[in-house]
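Single-letter residue listing:
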Amino acid sequence: MAHPPRHPHIVVHSPALDGSRRVTEGDETLGIATHVDDVGEILRLAGLYVTDVEGSDLIEWQGGGPDDWPGLSEHHEEA
């Protein structure tokens, strides 16, 4: 039975203390991203090919946009 095309609602959650961000579709966790490129890879592995992760209407960025990974930038400044 064919299913209608789905339009997923992806959420990239607020950064954790270490700067990582959980990526979900509905109630399902697709993965944990540590960089904006990880978001694209997580979506690709889930069979969701989003070419413009930073500008896609399918992705909701919570707690900051695609350039906000505060925990990681703080660690890099200390090194």
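See the structure printed just above.
Residues numbered from 1 in each chain as written. Predicted model: local features only at pLDDT ≥ 70, side-chain atom pairs only at ≥ 80, totals over all residues. Heavy atoms only, no water.

**Some points on the environment of Asp38**
You can see Asp38 is positioned in helix α1 (residues 36–45). Residue Asp38 is classed as partly exposed on the basis of its relative accessible area, which comes to 25%. In this structure, the C-alpha to C-alpha distance between Asp38 and Arg21, residues 17 residues apart in sequence, is 9.7 Å. (Helix = DSSP H or I, 4+ residues; strand = E, 2+ residues; numbered from the N terminus. Buried < 20%, exposed > 50% of the residue type's maximum accessible area, 1.4 Å probe, protein only.)

**What about the nonpolar core?**
Residues Val23, Val39, Leu43, Val53, Ile59 and Trp61 are the most contacted members of the largest nonpolar core, which totals 14 residues. Elements that contribute at least two residues to this core include exactly β1 (10–12), α1 and β4 (59–61). Broken down by element, this core gets its largest block of residues, 4 residues, from α1. Beyond its immediate chain neighbours, meaning those up to four positions away, Leu43 contacts Ile10, Val23, Leu30, Leu48, Val50 and Ile59. (Core = buried A, V, L, I, M, F, W, Y, C linked by side-chain atoms within 4.5 Å. Contact = heavy atoms within 4.5 Å.)

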